[in-house]
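Coordinates in review
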Amino acid sequence: MTAPAIAQPAARRKEGFSAFEIFVFSLVVALLAIAIFGPLLAPDSIYSSDIANSLMPPSAANWFGTDDQGRDVFWRLIVGAQTTLLSAFLVVTLYSLIGVTLATVAAAGPRWLDEALMRVTDIGLALPGMIVALGFAAAMGASLRSAVIAMAITGWPITARMLRGIMRQTMEQPFVAGAQVLGVSKWRLMTKHVLPNSLDVLIVKWAGDIGTTVLVLASLSFIGVGAQPPSAEWGATIASARGYVSTAWWTVVAPGAAVAITSIAFGLLGDIIQVRRDPSLRGN
Amino acid sequence: MLMSIDSISKSYNAFPNPPAKVLHDVTLNVDTGEAIGLVGESGSGKSTIAKCMLALIKPEEGAITYDGIDVIHARGEDLRRFRREVQMVFQDPYGSLNPRMTVEELIGEGLLIHKLEPTAAARRARVAEMMEMVGLNPNDMDRYTRSFSGGQRQRIAIARALVIRPRILVCDEPVAALDVSVQAQVINLLQDMQKKLNLAIVFVAHDLAVVRHLCEKIVVLHKGKVVEQGTREQIFDNPQMPYTQSLLAAVPVPDPVVGRARRAARRLETAN
Ligand SMILES: Nc1ncnc2c1ncn2[C@@H]1O[C@H](COP(=O)(O)OP(=O)(O)OP(=O)(O)O)[C@@H](O)[C@H]1O
Ligand SMILES: [Mg+2]
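Chains are numbered independently. Their residues run from 1 in the order of the written sequence. Chain A is the first chain written and ligand 1 is the first ligand written, with later ones labelled in order. This being a predicted model, a pLDDT of at least 70 is required before a residue's local features are given, and a value of 80 or more before pairs of side-chain atoms are given or counted; all residues contribute to the totals for chains, interfaces and linings. Working from all heavy atoms in the structure, the side-chain values ignore hydrogens and water.

Under the UniProt heading Sequence similarities (unreviewed entry), the note attached to chain B is "Belongs to the ABC transporter superfamily." UniProt positions are given in the numbering used here, feature names are shortened, and annotations may be inferred rather than shown by experiment.

As annotated in an unreviewed UniProt entry, chain A carries the name Peptide/nickel transport system permease protein and comes from Aminobacter niigataensis. Reading the Sequence similarities (unreviewed entry) entry of the UniProt record for chain A gives the comment "Belongs to the binding-protein-dependent transport system permease family." Per UniProt, chain A carries the Subcellular location (unreviewed entry) text "Cell membrane".

See below:
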């Protein structure tokens, strides 16, 4: 007699992680580790120029070669990782806070306020975010801080719109009516009952947002309204090296690859989290 | 009279159709400590009445008065007192408890927001006491409700509502989603609480057997109108309206002889 076959493998596969997922997780963890600990290990020489050693191709001593100032490209990337990721985290955190606040006010407030806030959000969604951020950053004076602030004040509309819709749905749940019957204040109703049951989507969105922000931030710095040389921020590094593309390709390719790999890694992480939360999306 | 509902009417917007009137001139009273059954078929407006009584929605016409408070227009201290003294238990034991709160937070929330206990420790003690009272294990206080059964969740909901000692408990089909074996336990618990706390209960159901056990007064609702109301004996032994009679005919009867006779009668009716 044979035991009936039970569909165990499928169930198990759902629990475990695929090789690809593990690869993406490791990449993200490695990037975070580099951003946090890398700068502590960097040699002091990367902050001073050594013209005699400029534009050296990759070698055992300088893995990714040296730049026009003779500084080690590899270690500058490591230091730049911290600047880049920290700025991206700051941008996403700030605009998420703005988005959460506006969504909460819209969902909790009277109809006219909701309408007004959503019209403003529509306008925000219709404007090309990067161009507006560029304008803001330029107006505040080109610097990394300006770029971060500009992106924070232009990045919130998607979060606000999405979250407000979800909060409205959550407010239809019986436990919200239950809290009202108990007599909770509007503030407690929103912060304790509605928001905690609506925030899941932000956690999913967060990783993908970091990926996008890394790219946009590097672009702003490359255009010249973000981080300024001699900052090791990746966009600024590419900008200051762009004159040497033909003679010393490594000075441009290395930071370019760093931007690409980082934004793709976080983007993939976002996709993985999203599919894991909602398996019906698999295959899209 | 603790609460009086005086000819209320309520319509829901049904855009683009004209608003649909679902309550027509409904009048009923709730006295201290009494259990009232609100029965009627699906869509007859039972939940709408319950929501009006809880001030979750406002009727367009009529008045609702609770112990001197004009419920429809209540604000400030009046509204706070109303919120403390009129509580509810919903049908859905899954959707009606915030999944992000522990049992202690759920049951203790009323004590916290109405400032009924001075300290967190005192609140915790009251929560534990209440849990014992409704047949829950106080050791489960720090757990989330995810893993609790439907019956346990309804006990949590009842504890949450009763810990602040309300005078009216509105229950909208509180056992409809539960296993038959658990239904009786929850009904008995409600009856127990009613006696112990001198609580008025408004019990919404379309199952007359449940109402018969619990409620001394019964209000029959049909298409948003009160078609009959009276004591348990009046309604069950001598129903006046054909609608009430048809509701009673749908109640499963424990006695097989009566049941068989009734089924035979119904077959005859449909045959003719
Ligand atoms: N929010 C709403 N918007 C529009 N119509 C509604 C709304 N809520 C209820 N209705 C309608 O009002 C009528 C009465 O609904 P209600 O929920 O009060 O009935 P009920 O007696 O509780 O029924 P059930 O036994 O199915 O719970 C129904 O026709 C229903 O479709
Ligand atoms: Mg109902």
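What about the overall build of chain A?
In terms of regular secondary structure, chain A is built from 12 helices and zero strands. Principal-axis analysis of the C-alpha atoms gives chain A an extent of 75 × 75 × 30 Å. For the exposure calls, accessible area comes from a 1.4 Å probe over protein chains only, and a residue counts as buried if that area is under 20% of its type's maximum, exposed if over 50%, partly exposed in between. Scored against the burial criterion, the 284 residues of chain A give a buried share of 41%. Contacts are assigned to residue pairs that have any heavy atoms within 4.5 Å of one another. Look at the contacts in chain A between residues 6 or more apart in sequence, and 70% of them connect residues 24 or more apart. In these tables, accessible area is a Shrake-Rupley quantity obtained with a 1.4 Å probe, and a residue counts as shielded only by the protein chains included in the view. When the accessible surface of chain A is summed, it comes to about 14700 Å², and 68% of that surface belongs to carbon and sulfur atoms. Averaging the coordinates of the 19 positive side-chain charges in chain A and doing the same for the 16 negative ones gives two points 10 Å apart. Only runs of H or I of at least four residues qualify as helices and only runs of E of at least two qualify as strands under DSSP, and these elements are numbered from the N terminus. Residues scored as positive are Lys and Arg, those scored as negative are Asp and Glu, and His as well as the terminal groups of each chain are ignored. A charge is said to be at NZ when it belongs to Lys, at CZ for Arg, at CG for Asp and at CD for Glu.

Considerations on the interface of chain A and chain B
Across the contact, 17 residues belong to chain A and 23 residues belong to chain B. Two parts placed together each lose some accessible area under a 1.4 Å probe, and adding up what both lose gives the buried area. For the chain A and chain B pair, buried surface summed over both sides reaches about 1600 Å², with 60% attributable to carbon and sulfur atoms. For the chain A face of the interface with chain B, the top three residues by lost area are Phe175, Val181 and Leu182 of chain A, together amounting to 41%. Salt bridges, as used here, are contacts in which a Lys or Arg side-chain nitrogen is within 4 Å of a carboxyl oxygen on Asp or Glu. Inspection of the region where chain A meets chain B yields three salt bridges.

Topic: the environment of Ile203 of chain A
Residue and element names in this part refer to chain A. Within the secondary structure, Ile203 sits in helix 10 (residues 200–223). On the basis of relative accessibility, which here comes to 55%, the residue Ile203 falls in the exposed class. Separated by 71 residues in the primary sequence, Ile203 and Gln274 place their C-alpha atoms 9.3 Å from one another.

So, a nonpolar patch on the surface
All names here are of chain A. What goes into a patch is any residue over 30% in relative accessible area without a salt bridge, connected to like charges within 9 Å or, for nonpolar side chains (Val, Leu, Ile, Met, Phe, Trp, Tyr), within 5 Å. On the surface, Ile36, Phe37, Leu40 and Leu41 cluster together to form a nonpolar patch covering roughly 490 Å² of accessible area. Mapped onto the secondary structure, Phe37 falls in helix 2 (residues 19–41). Residue class for Phe37 comes out partly exposed when judged on its relative accessible area of 49%.

Some points on the sheet that holds strand 1 (residues 3–14) of chain B
All names here are of chain B. Pairing in this open sheet of four strands is antiparallel, and the strands run 2-1-4-5 from one edge to the other. Edge positions in the open sheet fall to strand 2 (17–30) and strand 5 (69–70), since each of these has one partner strand only. With eight bridges joining them, strand 1 and strand 2 adopt antiparallel strand pairing. Among the inter-strand pairings, Ala14 is bridged to a residue of strand 2, identified as Asn17. Whether two strands pair depends on DSSP finding at least two bridges between them.

Digging into the UniProt feature "domain: ABC transmembrane type-1" (unreviewed entry) in chain A
The UniProt record marks residues 81–270 of chain A with the feature "domain: ABC transmembrane type-1" (unreviewed entry), using the residue numbering of this structure. Here residues 81–270 of chain A runs as 80% helix and 0% strand, with 19 Å between its end C-alpha atoms.

Observations regarding the site of ligand 1
Residue and element names in this part refer to chain B. Taken together, the neighbourhood of ligand 1 is formed by Tyr12, Val22, Glu41, Ser42, Gly43, Ser44, Gly45, Lys46, Ser47, Thr48, Glu173 and His206. Expressed as a share of its isolated accessible area of 630 Å², the protein-covered part of ligand 1 is 59%. For the shell around ligand 1, the element with the highest residue contribution is helix 1 (residues 46–53), accounting for three residues. By the convention adopted, Pro, Cys, Tyr, Trp, Phe, Met, Ile, Leu, Val and Ala count as nonpolar, Lys, Arg, Asp and Glu as charged, and the other residues, Gly among them, as polar. For the shell around ligand 1, a count of residues per class yields two nonpolar, seven polar and three charged. One heavy atom suffices: a residue is near a molecule or strand as soon as one of its heavy atoms comes within 4 Å of it.

Section: the UniProt feature "domain: ABC transporter" (unreviewed entry) in chain B
As recorded in UniProt, the sites labelled "domain: ABC transporter" (unreviewed entry) are residues 3–248 of chain B. With 38% helix and 27% strand, residues 3–248 of chain B has end C-alpha atoms that lie 28 Å from one another.

Here's the deal with the pattern of salt bridges
One pass over the structure, following the stated rule, counts 26 salt bridges over all chains. Notably, a salt bridge pairs Arg124 of chain B with Glu104 of chain B, separated by 2.5 Å at the nearest N-O pair. Placement of the pair is Arg124 of chain B in helix 4 (residues 120–133) and Glu104 of chain B in helix 3 (residues 103–113), with a sequence separation of 20 residues. Classification of Arg124 of chain B as partly exposed rests on a relative accessible area of 33%. Taking the shortest distance from any N to any O, the salt bridge between Asp142 of chain B and Arg124 of chain B comes out at 3.2 Å. With Asp142 of chain B in the loop between helix 4 and helix 5 (150–162) and Arg124 of chain B in helix 4, this residue pair connects regions lying 18 residues apart in the sequence. Each member of the salt-bridge network shares a partner with another, and the members are Glu115, Arg119, Asp122 and Arg161 of chain A.

As for the sheet that holds strand 6 (residues 86–89) of chain B
Sheets are built from strands paired through backbone hydrogen bonds, the pairs being either parallel or antiparallel. Residue and element names in this part refer to chain B. Reading across from one edge, 6-7-8-3-9-10 is the order of the six strands in this open sheet, with mixed pairing throughout. Each end of this open sheet is capped by a strand with a single partner; those strands are strand 6 and strand 10 (225–231). Averaged over all pairs of adjacent strands, the angle between their axes in this sheet comes to 20 degrees, without regard to strand direction. Sheet topology places strand 9 (residues 217–222) next to strand 10; six bridges connect them, and they run antiparallel. In the sheet register, His222 faces strand 10, and the bridge partner there is Lys225. Geometry is summarised by axes, namely lines fitted to C-alpha atoms with helices restricted to the contacting stretch, and by angles between N-to-C directions that run from 0 to 180 degrees. Those strands touched by helix 6 (residues 180–197) are strand 3 (35–39), strand 7 (168–172) and strand 8 (200–205), and its axis lies near 155 degrees from that of strand 8. Contacts between helix 9 (residues 242–249) and the sheet are confined to strand 3, strand 9 and strand 10, with strand 9 contributing the most and set at about 105 degrees to the helix.

Considering the UniProt feature "transmembrane region" (unreviewed entry) in chain A
Mapped onto the present numbering, the UniProt feature "transmembrane region" (unreviewed entry) falls on residues 22–42, 85–108, 120–140, 206–227 and 247–269 of chain A. Summarising residues 206–227 of chain A: 82% helix, 0% strand, and an end-to-end C-alpha distance of 23 Å.

Overview of helix 4 (residues 111–126) of chain A
Residue and element names in this part refer to chain A. Expected helix span is given by 1.5 Å per residue-to-residue step, counting one fewer step than there are residues. Here helix 4 spans 22 Å end to end across 16 residues, near enough to the 22 Å set by a 1.5 Å rise per residue. All of the buried residues in helix 4 are Asp114, Leu117, Met118 and Thr121. Within helix 4, the buried residues cover an arc of 100 degrees as seen down the axis, which keeps them to one side. Those residues of helix 4 that are exposed and aimed more than 90 degrees away from the buried face are Trp112, Ile123 and Ala126. Turning to helix 4, the residues buried within the fold contact helix 3 (73–108) and helix 7 (157–170). What the arc covers is the set of directions going from the helix axis to the C-beta atoms.

Overview of helix 5 of chain B
An α-helical segment advances 3.6 residues per turn. Residues three or four places apart therefore align on the same side. Residue and element names in this part refer to chain B. Along its 13 residues, helix 5 runs 18 Å from first to last C-alpha, staying within 8% of the 18 Å computed at 1.5 Å per residue. Taken across its 13 residues, helix 5 has 12 buried, putting it largely inside the fold. The set of residues buried in helix 5 consists of Gly150, Gly151, Arg153, Gln154, Arg155, Ile156, Ala157, Ile158, Ala159, Arg160, Ala161 and Leu162.

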